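# Structural overview
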Amino acid sequence: MKARPYLIALVLIVLVAGLLVVFRTPSNDPGQQAQETSPQAAVEAGAGAGDAYYPTDGNSGYDVTLYDLAITYEPQSQQLDGVATITATATQDLSRFNLDLEALKVSEVKVGDQPAKFAQEGDHELVITPSAPLAKGKPFTTKVTYGGKPTTINDASLGRSGWQVSSTGGAFAAGQPHSATTWFPANDTPRDKAALKLAARVPDGWTAVSNGLEGPVTRDGGWTTFNWSEETPLATYVATVAIDKFEIVRSTLPNGTPVLDAYAPGTSASKRPIQSQMPEVLAHLETRFGPYPQRAAGGIWVADQIGFSLETQTRPIYAAWADLETLVHENAHMWFGDSVSITNWADICLNECLASYSQWLWLEKEGTDLDQRYRDQVEQRRERSSFWAPKLYDMGQGNEFRGVYDKGILGVHALRKQVGDDVFFKGLQSWVSEHRDGNATWPQFEEHFKKASGQPLDAFFKAWFRDSGIPDDQYLLPAGVRR
């Protein structure tokens, strides 16, 4: 994600501690009360995947492999109706389990081919009790029928996120750390990555664009259905659908990877020249990070002045203010954030610090002396305590996006100069290769570079990423960047 410049210094809304409810009380509705289960081993999986910053996000007890979604959206009424078929594997014997869904009302749930009891509780918990316990290690499917008017999440740092109605009459889903559950039920944690299939049905004249590869388009009775498939596992917050009267431009990268770009009404003239540089940007990033790790590429350009652009997997969503620097940043996330995803939100520097540094790598390609740029920025900001104050790792809930877009760039460049270019770029490439399509933590990143460099980097990482305040000069000005 790249935030609009004037929003970077703001912080996220602090979640109300009272939302933490690990085990839910069944609904008072007799038709939806949780049933007793006989096998002694079966347990009630609780809400929350274990992230310290967002303890009720995600759920335990199962691992999703596929979200197969069919939605119908009517832009005039803003009504969304959906059926989500979720394939998962139980990681323990389950008598009941949860999904996350914001605001939309569930009308029916089936687990396998049997009706299941359910209750919607709290802000986003869908508590499901299957007709029989689910055995550990066994795959199962959950089919959820739901509908309503999708909600928008208002955030103090980045403004509106989740499902957003566009100024051009359509809608799009984008936001971090939450977005997906405003339009489909999910295990809403980056730890549980899964494939995505989408059939989006909209009135004729509208187009629905999503992640991954474009499938067949069908028309029937005034409605058009667009099919999309993303086989590379994705974190829920980088799943998207955008509905508008888009101008669609198709092409391929030199290696044959399909590209689809979508331009909302009024954006094509100014944004196509920027988007046309994407193949060159990806080619340069490949020289630094290794092969492009996605099956498709492209971009979705909306006409709205939202507070961020977002790395929705394979096809970033760009705000109306987005520029070439933004395009570089969001496409770097295809490596850092999408292919290699965070385990905890405390690890967000793995996404944002590295994607932000890619903007400097592009400037370097264009002839900028990065060492001089680094020295200039250090000197300009040496006395600005507010610039150095944010921690870049384990910064505390609500502070995830402070510092990672500016101080984070300097920290990554300092690491590069500390270990040398050869170790730095080979280390980034091996990091991506080792964790491709999976998850990682910031402590793992530190260990990776300590091993790759053969240097005792604990004090360096502590000064730059774990502590608040300006690093001592031995870390602020490594030998590789001194005059």
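Criteria and cut-off values
- Residues numbered from 1 in each chain as written.
- Predicted model: local features only at pLDDT ≥ 70, side-chain atom pairs only at ≥ 80, totals over all residues.
- Heavy atoms only, no water.
- Core = buried A, V, L, I, M, F, W, Y, C linked by side-chain atoms within 4.5 Å.
- Buried < 20%, exposed > 50% of the residue type's maximum accessible area, 1.4 Å probe, protein only.
- Helix = DSSP H or I, 4+ residues; strand = E, 2+ residues; numbered from the N terminus.
- Contact = heavy atoms within 4.5 Å.
- Expected span 1.5 Å × (residues − 1).
- pLDDT = per-residue confidence, 0-100.
- Pairing = 2+ DSSP bridges.
- Disulfide = S-S within 2.5 Å.
- Polar contact = N/O pair within 3.5 Å; in protein donor to acceptor, adjacent residues only side chain to side chain.

Right, let's talk about the nonpolar core for a bit. In this structure, Y146, W183, Y374 and W464 are the most contacted members of the largest nonpolar core, which totals 142 residues. Sort the elements by how many residues they give to this core and helix α4 (residues 349-365) lands first, with nine residues. Discounting chain neighbours no more than four positions away, the residues touching W183 are L69, I71, L80, L104, Y146, W163, A173, L198, A239, T240 and V241.

On to α4, then. In a regular helix each residue adds 1.5 Å, so 17 residues correspond to 24 Å; α4 covers 23 Å between its end C-alpha atoms and thus fits that length. Taken across its 17 residues, α4 has 14 buried, putting it largely inside the fold. Looking one or two residues beyond α4, the residue adopting positive phi is G367, at roughly 110°.

With that settled, the discussion passes to the confidence of the model for the protein. Residues with a pLDDT of 70 or more make up 91% of the protein, whose mean pLDDT is 91. Per-residue pLDDT stays below 50 along residues 6-40; that stretch engages in 73 contacts with residues further than four places along the chain or on separate chains.

Strand order in this open sheet of four strands is β19-β20-β21-β23, and the pairing throughout is mixed. Across the chains shown, the open sheet's two edge strands, defined by having one partner strand only, are β19 (247-252) and β23 (317-318). Sheet topology places strand β21 (residues 297-301) next to β23; two bridges connect them, and they run parallel. Following the sheet pairing, I300 is matched in β23 by I317.

What follows covers the state of the cysteines. Inspection of the entire model under this criterion finds one disulfide. Here C349 is linked by a disulfide to C353, with a sulfur-sulfur distance of 2.0 Å. Measuring handedness by torsion sign, the sulfur bridge of C349 and C353 sits at about -110° and is left-handed. Taken as a pair, C349 and C353 lie in helix α4 at a separation of four residues, close to a single helical turn. Take C349: its relative accessible area is 0%, and that puts it in the buried class.

Within the element layout of this structure, T232 appears in strand β17 (residues 223-234). Classification of T232 by relative accessible area gives buried; the value is 3%. Taking the C-alpha atoms as reference, T232 lies 9.9 Å from N211; in sequence the two are 21 residues apart. Dropping the residues within four chain positions of it, T232 is found in contact with A194, Q294, R295, Q313 and D437. For T232, the side chain forms a polar contact with the side chain of R295, separated by 2.5 Å.

It is worth spelling out the sheet that holds strand β7 (residues 114-115) at this point. With mixed pairing, eight strands are arranged side by side in an open sheet as β7-β6-β10-β4-β3-β14-β17-β16. Two strands in the sheet have a free side with no partner beyond their single neighbour: β7 and β16 (213-220). By the bridge criterion, two bridges tie strand β6 (residues 105-111) to β7 in an arrangement that is antiparallel. Directly across from K110, in β7, lies its bridge partner P115.

We now examine helix α9 (residues 442-453). Residues three or four positions apart in an α-helix share a direction because the helix packs 3.6 residues into each turn. Under the 1.5 Å per step criterion, the end-to-end length of α9 is 17 Å for twelve residues, consistent within 8% with the ideal 16 Å. Within α9, burial applies to W442, F445, E446, H448, F449, K450 and S453. The secondary structure elements touched by the buried residues of α9 are α4, α7 (407-419), α8 (421-435) and α10 (458-466). Just downstream of α9 lies G454, where phi reads positive at about 70°.

The next point concerns unusual backbone geometry. Here the bond from Q176 into P177 is cis, since omega is 10°, no more than 30 degrees from zero. Within the fold, P177 resides in the loop between β13 (171-174) and β14 (194-203). Notably, T314 is not glycine yet its phi reads approximately 75°, a positive angle. One can find T314 in the loop between β22 (308-309) and β23. Positioned with a positive phi, D437 is a non-glycine residue whose angle comes to about 65°. With respect to the helices, strands and loops of the structure, D437 is situated in the loop between α8 and β25 (438-440).

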